Amino acid sequence: MATKSSSVRLRPDVDTLPSYVPGERPAPGRQLYKLSSNEIAFPPLTAVSAAMVDAAADLNRYPDMYATELTEAIGEKFGVGAERVTVGNGSVAVLQHVLTAVCEPGDEVVMAWRSFESYPISVQVAGARAVQVPVDAAGRHDLGAMAAAVTDRTRAVLLCSPNNPTGPALTQTELREFLAAVPASVMVVLDEAYIDFVTLLDRTDGPALLADHKNLVVLRTFSKAYGLAGLRVGFALARRRLTTGFRAVSTPFGVNSMAMAAARAALRADEQVRGRVAEVVAERERVVTALIGQGWTPPDAQGNFVWLGLGRRTAAFADHARRHGVLVRAFAGEGVRVSVGEPEGNDLFLELSAEWVQRSVDGVLELA
Ligand SMILES: *Cc1c(COP(=O)(O)O)cnc(C)c1O
């Protein structure tokens, strides 16, 4: 056997993977408002913690490989059979499995940009090429341009609604039109991670379109409205044939027993979850109204976060916020994404944003 080199060779494109930049975390011992990862500020519900403690008693056993009870509970909630549900270690992992199941080298995956930063990584890991279609000036998907970007090589389109990090959401009408415009052989993945926070009248309802559109895949997560980001549970809803493929490439036992128990308890606590979501939405409206009053023009915020397009002032704003006790997510040269947190954290952010405007009025710096 010929060996050309004495060291292990990585797949060449691994070096060129874009890196995921996690939201900044406070240094140990430092009291900061962490508005950098779109988490919910509430601790886990009592029923959820109790379910985890219960499940902990059986941790010497492997979890149910087929996640039978969880997929049934999810299926029931969304009015689809359990055989259409693929669960995974966060919806980021599920998306990786979804793309891996359909993409071959040279295939293209169309996405809006800027959108969720894990998309280009997942696409490249799946061996495909990301085709990025710029969001419009209002931070919205340009669905016409995205449909036009579909070629013979396109295997999938990723739609993020509401779009992380800019905030606007698609309507169900737009989604229907898009599905009608795209060939049925192209998989359309609708990432509805923040759907529960959407207050548009015609908000998307991906699961309702599954029966009519066999190329549709809906991604959901327990990390946002359900407040379980640290637990890592997400899922995809799709037709049975695709689901079988997604499951085939998934990591066996990808969701642990405690996470499955917690996710089921969270689904049962729907009313409390709705209550928390309503509080977040009320805070979001308060923050957005205040920002507009200060002179900002944020895009329509339909998630649990707001976007300030600060351009080249982005890093300066993020540093300023950090020094004053608020962590935001900076996208260098573009803007900052600020999660809606506890009211005190939002207040502090609003003080900083007001001060920033005042400094720009005073000519100390430009707003963007
Ligand atoms: C937060 C987020 C998710 C959730 O990812 P998990 O892996 O389930 O935590 C998915 N999509 C988008 C766009 C997100 O912002």
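Residues numbered from 1 in each chain as written. Predicted model: local features only at pLDDT ≥ 70, side-chain atom pairs only at ≥ 80, totals over all residues. Heavy atoms only, no water.

An unreviewed UniProt entry lists the protein chain under the name Aromatic amino acid aminotransferase, with Georgenia yuyongxinii as the source organism. For the record of the protein chain, the UniProt heading Cofactor (unreviewed entry) holds the text "pyridoxal 5'-phosphate". As stated in UniProt under Catalytic activity (unreviewed entry), the record for the protein chain gives "an aromatic L-alpha-amino acid + 2-oxoglutarate = an aromatic oxo-acid + L-glutamate". (UniProt positions renumbered as here; feature names shortened; annotations may be inferred.)

Description of the nonpolar core
Counting 63 residues, the largest nonpolar core has Leu70, Ile74, Met146, Leu159, Phe222 and Leu237 as the members making the most contacts within it. Of all the elements, helix 9 (residues 257–268) adds the most residues to this core, at eight residues. Looking at which domains feed residues into this core, each of domain 1 (14–38 + 271–361) and domain 2 (46–268) gives three or more. (Core = buried A, V, L, I, M, F, W, Y, C linked by side-chain atoms within 4.5 Å. Buried < 20%, exposed > 50% of the residue type's maximum accessible area, 1.4 Å probe, protein only. Helix = DSSP H or I, 4+ residues; strand = E, 2+ residues; numbered from the N terminus. Domains from an automatic or database assignment.)

Description of the UniProt feature "modified residue: N6-(pyridoxal phosphate)lysine" (unreviewed entry) in the protein chain
Taking the UniProt record as the reference, the feature "modified residue: N6-(pyridoxal phosphate)lysine" (unreviewed entry) is found at Lys224. With respect to the element layout, Lys224 can be found in the loop between strand 7 (216–221) and strand 8 (234–237). Note on Lys224: relative accessible area 13%, which makes it buried. Once residues within four sequence positions are removed from consideration, Lys224 is found in contact with Ser37, Asn38, Ile40, Ala193, Tyr194 and Phe197. (Contact = heavy atoms within 4.5 Å.)

Observations concerning the sheet that holds strand 3 (residues 108–113)
With respect to topology, seven strands assemble into an open sheet ordered 2-8-7-6-5-3-4, the strand pairing being mixed. Where the open sheet ends on each side, the last strands, each with one partner, are strand 2 (85–88) and strand 4 (129–134). Averaged over all neighbouring strand pairs, the angle between strand axes comes to 20°, with direction disregarded. Taken together, the four bridges between strand 2 and strand 8 define a ladder with antiparallel strand orientation. Following the sheet pairing, Val87 is matched in strand 8 by Phe235. Sitting on the sheet, helix 2 (residues 68–78) touches strand 2, strand 7 and strand 8, and the angle it makes with strand 2 is about 125°. (Pairing = 2+ DSSP bridges. Axes fitted to C-alpha atoms, helices over the stretch in contact; angles between N-to-C directions.)

Considerations on the domain arrangement of the protein chain
The domains assigned to the protein chain are domain 1 (14–38 + 271–361) and domain 2 (46–268). Distance from the C-alpha centre of domain 1 to the C-alpha centre of domain 2: 25 Å. Domain 1 puts 26 residues into the contact, and the matching count from domain 2 is 28 residues. Buried surface at the junction of domain 1 and domain 2, summed over both partners, amounts to about 2,300 Å²; 58% is from carbon and sulfur atoms. When the buried surface of domain 1 facing domain 2 is broken down by residue, Tyr20, Gln302 and Phe305 rank first, second and third, together holding 25% of it. Where Arg114 meets Glu334, a salt bridge forms, and the shortest distance between an N and an O atom there is 2.9 Å. Between domain 1 and domain 2 we count 11 residue pairs in polar contact (both at pLDDT 80 or more) in total. (Buried area = accessible area lost by both parts, 1.4 Å probe. Salt bridge = Lys/Arg side-chain N within 4 Å of Asp/Glu carboxyl O. Polar contact = N/O pair within 3.5 Å; in protein donor to acceptor, adjacent residues only side chain to side chain.)

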